[in-house]
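Observations on the three-dimensional arrangement
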Amino acid sequence: MDTEFWLERWRWREIGWHLDEINTHLQEHWPKLGLTPGTLVFVPLCGKTLDLIWLVSQGFRVIGVEISEIAVEEIFREHGLTPRITETLPFRRYQIDELTVLCGDFFDLTSEHLHDVGAVFDRASLIALPPELRSRYASQMNRLFPGGLDTLLVTLSYDQGQMTGPPFSVQSAEVEHLFSETYRIETLASFDALAESPQFRQRGLTALSEQVYRLAPLARSA
Ligand SMILES: C[S@@+](CC[C@H](N)C(=O)[O-])C[C@H]1O[C@@H](n2cnc3c(N)ncnc32)[C@H](O)[C@@H]1O
């Protein structure tokens, strides 16, 4: 699965993952991270999620990365915001007040792009990627943030034999495998998500659960 797949999804408006409301897990669990207002929060593979705006409304600075220019432009347009746009190759940078979005490929990011980031919110990013890219995703995160950062991670798990992704199933064992060298992993919530996901039931799923994890850097507790 390459970035062209996602660009096509945006072109054809096949964006079923997008929520017209703020993610309830974010609102419920984000305060548990105990972050200082003003912390810069990284939102990888951000789409046009309203969560960016919510985080800013809570006093955080936010930086997202998203491959689709359609998505990035809609974030700002739908909130009546006119960002300053600058070319910082290989990214186009959109910025207004406390919100920055880099339009480009997550895998092209370097630590210079994310200077000063202090926390991460991942909803539907890790699970957007097939297995081989999930390993690359975790390696890239470890490279970008050596030692780790406070992270809220929202995933889905189901029988991968019943449906092809995305979204892909990510079991807790995989979260452990990908992140346990750097993080202490705590499951904050896990619940049945099938009833609220009829589209996945139609695609063949008989069970679906959603997990919310808190990832806390091991280095801090050492
Ligand atoms: C399943 S959506 C989730 C979006 C968002 N996190 C949300 O909760 O609405 C995944 C997003 O990642 C973007 N994406 C996929 N691969 C990417 C990459 N390599 N770099 C940047 N964005 C990417 C897609 O365009 C899509 O908007």
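Everything in this summary refers to the structure shown in the same document. (Residues numbered from 1 in each chain as written. Predicted model: local features only at pLDDT ≥ 70, side-chain atom pairs only at ≥ 80, totals over all residues. Heavy atoms only, no water.)

1. Notes on the pairing of strand β3 (residues 84-88)
Selection rule: For two strands to pair, DSSP has to find at least two bridges joining them. Under the scheme used here, helices are H or I runs from DSSP no shorter than 4 residues and strands are E runs no shorter than 2 residues, and both carry numbers assigned from the N terminus.
As defined by bridge partners, β3 adjoins strand β4 (residues 91-96) across five bridges and the pair is classed as antiparallel. Bridging across to β4, Ile85 finds its partner in Tyr94. Between β3 and β4, which pair antiparallel in sequence order, lie two residues.

2. What about the packing of helix α5 (residues 131-144) against helix α6 (residues 172-179)?
So the rule is basically this: Here, axes are lines fitted to C-alpha atoms. For helices the fit covers the stretch in contact, and angles between N-to-C directions go from 0 to 180 degrees. For this classification, under 35 degrees means roughly parallel, over 145 means roughly antiparallel, 65 to 115 means roughly perpendicular, and everything else is oblique. Note on convention: the crossing is left-handed when the near helix lies turned anticlockwise from the far helix by less than a right angle, right-handed when the turn is clockwise. Contact criterion: two residues are considered in contact whenever any of their non-hydrogen atoms come within 4.5 Å of each other. Here the nonpolar group is Ala, Val, Leu, Ile, Met, Phe, Trp, Tyr, Cys and Pro; Asp, Glu, Lys and Arg are the charged ones; every other residue, Gly included, is treated as polar.
Orientation of α5 relative to α6, taken along the N-to-C sense of each, is 40 degrees, at an axis distance of 9 Å. Overall, the two elements α5 and α6 adopt an arrangement that is oblique. Here α5 runs over α6; the crossing is right-handed. Taking contact as the criterion, the partners of Arg134, Ser135, Tyr137, Ala138 and Asn142 in α5 are, on α6, Glu174, Leu178 and Phe179. Its residues assigned to classes, the contact of α5 with α6 comprises four nonpolar, two polar and two charged.

3. Notes on the sheet that holds strand β8 (residues 183-192)
Strand order across the open sheet formed by nine strands is β3-β4-β5-β2-β1-β6-β7-β9-β8, with mixed pairing between neighbours. The open sheet has two edge strands, β3 and β8, and neither has a second partner. Strand-to-strand, the axes of this sheet are offset by a mean angle of 20 degrees, without reference to chain direction. Sheet analysis places strand β6 (residues 117-123) next to strand β7 (residues 150-157), joined by five bridges and oriented parallel. Within β7, the position partnered with Phe121 by the bridge is Leu152.

4. Side note on unusual backbone geometry
With an omega dihedral of 10 degrees, the bond running from Leu89 to Pro90 counts as a cis peptide bond. Relative to the helices and strands, Pro90 resides in the loop between β3 and β4. Residue Pro166 is bonded to the preceding Gly165 through a cis peptide linkage, with omega at -5 degrees. In this fold, Pro166 is placed in the loop between β7 and α6. Phi angles above zero are rare outside glycine, and Asp116 is one such case at about 80 degrees. Within the secondary structure layout, Asp116 lies in the loop between β5 (99-103) and β6.

5. A few points about the nonpolar core
The line we're drawing: By nonpolar core is meant a set of buried Ala, Val, Leu, Ile, Met, Phe, Trp, Tyr and Cys residues that side-chain atoms within 4.5 Å join together. When accessible area is computed with a 1.4 Å probe and restricted to protein chains, residues below 20% of their type maximum are described as buried, those above 50% as exposed, and intermediate ones as partly exposed.
Grouped together as the largest cluster of nonpolar side chains are 39 residues, with contacts concentrated most on Phe42, Phe106, Leu109, Phe145 and Phe179. Contributing elements (two or more residues each) for this core: β1 (40-43), β2 (61-66), β6, α5, β7, α6, β8 and β9 (209-217). Per element, the largest residue contribution to this core is five residues, and it comes from α5. Setting aside its immediate chain neighbours within four residues, Phe145 contacts Phe42, Leu114, Val117 and Val120. In this structure, Trp30, Ile75, Phe76 and Val101 belong to the second largest nonpolar core, which totals 27 residues.

6. Describing α5
Keep this limit in mind: A helix is expected to span 1.5 Å for every residue after the first. Throughout, the arc means the angular range of directions from the helix axis out to the C-beta atoms.
Spanning 14 residues, α5 covers 20 Å between terminal C-alpha atoms, matching the ideal 20 Å at 1.5 Å per step. If you check which residues of α5 are buried, you get Leu133, Arg134, Tyr137, Ala138, Gln140, Met141 and Leu144. Down the axis of α5, the sector holding all buried residues measures 160 degrees, keeping them to one side. Exposed residues lying more than 90 degrees from the buried face of α5 are Glu132 and Arg143. Lining the buried residues of α5 we find β1, β6 and α6.

7. Considerations on the side chain of Ser209
Put simply, the rule reads: Under this definition, polar contacts are N or O atom pairs within 3.5 Å; protein pairs additionally need one hydrogen-donor-capable and one acceptor-capable atom, and for neighbouring residues in sequence, both atoms have to be side-chain atoms.
Within the secondary structure, Ser209 sits in strand β9. Here the side chain of Ser209 touches Gln211 through a polar contact of 2.8 Å, side chain to side chain. Discounting chain neighbours no more than four positions away, the residues touching Ser209 are Thr155, Leu156, Ser157, Phe191, Asp192 and Ala193.

Shape descriptors only; they carry no functional weight alone.
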